[in-house]
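Tertiary structure, described
Each chain, letter by letter, is given below.
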Amino acid sequence: MTTSVIKSPWIPLRRLNPNASVRLFCFPYAGGGAQIYKNWQEGFPPSIEVCPVQLPGRGERVSEPRFSQIKPLVEAIAEALLPFFDRPFAFFGHSMGAAISYELAQLLRREKASTPIHLFVSGHSAPHLMNRQVITYDLPDDEFVKELRILKGTPEEVFEHPELMALMIPLLRADFEVSETYVGSNQPPLDCPITAFGGVEDQDVPPEKIEGWGAHTNGPFLSHILPGGHFFIHTEQPAIVRAVVRDLSRRA
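One structure accompanies this document, and this report is about it. (Residues numbered from 1 in each chain as written. Predicted model: local features only at pLDDT ≥ 70, side-chain atom pairs only at ≥ 80, totals over all residues. Heavy atoms only, no water.)

A word on the packing of aromatic side chains
In total, this model carries 15 aromatic pairs according to the counting rule given. Aromatic side chains F144 and F176 sit 5.4 Å apart centroid to centroid with 65 degrees between the ring planes, which places their arrangement in the edge-to-face category. Highlighted residues: F144 in helix α3 (residues 141-151) and F176 in helix α5 (residues 162-180), separated in sequence by 32 residues. The class of F144 is buried, set by a relative accessible area of 0%. (Phe/Tyr/Trp six-rings, centres within 6.5 Å; stacked < 30°, edge-to-face > 60°. Helix = DSSP H or I, 4+ residues; strand = E, 2+ residues; numbered from the N terminus. Buried < 20%, exposed > 50% of the residue type's maximum accessible area, 1.4 Å probe, protein only.)

This is the structure we're talking about:
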């Protein structure tokens, strides 16, 4: 059976496109799921197949155990997606998803497996420029919710529904633990090009920490500093998609 017809819980929103020349795997930020990339395909040409990745513990995978450390999560992703690396592919990740994308690319390089033709990272400091993370994932619920409000990544209406919050808090705690315990290791630069995106008003990831991604590739590096704070991925989606299409079209 070819990957054109294989179904996987890791990429439930994938639109089958056997004629695509490149697959783009998109990884979410903490607390997010594949849904955040659901409408991305509309902005891409038929030559690029968008594959939003659904991590365990959310969406239709809500009953599955959540990962709280990046190493076993990346290893599980590599095993699950390996059958889909049968043609050129690229990674895009925002915030936690950027760390996952980078570590996944490094794992594939170490294992001498197929590696991405391009890495797109968004809203995350270059690994060697990461500050020591403030630990919030183990705070009491009321303090944890205060931190969520400060981040402004959770819709306000979610806070008004206790039942929904009861479902979201364990997921967010696990994802925050992934992010807050992640330490950028000293690994050789990747051979694929890297394009990095940042928000001009993102106080946690200023432009100089976006520019630092250039040290992690032996290939070309491009950066885009866009309007908005940490969640500029939503407000600046058209600009991001255009840049990704442009870079992938060159590679394809």
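Some remarks on α3
Of the positions making up α3, those classed as buried are F144, V145 and L148. One side of α3 carries all its buried residues, which in axial view fall inside an arc of 100 degrees. α3 presents D142, K146 and I150 as exposed residues on the side facing more than 90 degrees away from its buried surface. Contacts made by the buried residues of α3 are with α4 (156-159) and α5. K152 lies just past α3 and shows a positive phi near 60 degrees. (Arc of directions from axis to C-beta. Contact = heavy atoms within 4.5 Å.)

Comments concerning the packing of α3 against α5
For the pair α3 and α5, the least separation of the axes is 11 Å and the interaxial angle reads 75 degrees. Taken together, the axis directions place α3 and α5 in an arrangement best described as roughly perpendicular. Packed against α3, whose contacting residues are D141, F144, V145, L148 and L151, the element α5 presents M165, I169, L172, R173 and F176 at the interface. A breakdown of the residues in the contact of α3 with α5 according to their chemical character gives 8 nonpolar, no polar and 2 charged. (Axes fitted to C-alpha atoms, helices over the stretch in contact; angles between N-to-C directions. Parallel < 35°, antiparallel > 145°, perpendicular 65-115°, else oblique. Nonpolar A, V, L, I, M, F, W, Y, C, P; charged D, E, K, R; others polar.)

A closer look at the sheet that holds strand β3 (residues 89-94)
Reading across from one edge, β2-β1-β3-β4-β5-β6 is the order of the 6 strands in this open sheet, with parallel pairing throughout. Of all strands in the sheet, those bounded by a partner on one side alone are β2 (48-52) and β6 (221-226). Across the sheet, the mean angle from the axis of one strand to that of its neighbour is 15 degrees, orientation sign disregarded. Note that β3 and strand β4 (residues 118-122) share 5 bridges and pair parallel. Looking at β4, one finds that H94 is bridged to S122. Along the sheet, helix α2 (residues 96-110) contacts β1 (22-27), β3 and β4; its crossing angle with β3, the most-contacted strand, is approximately 145 degrees. (Pairing = 2+ DSSP bridges.)

Note that all results are geometric; they support no functional claim without further evidence.
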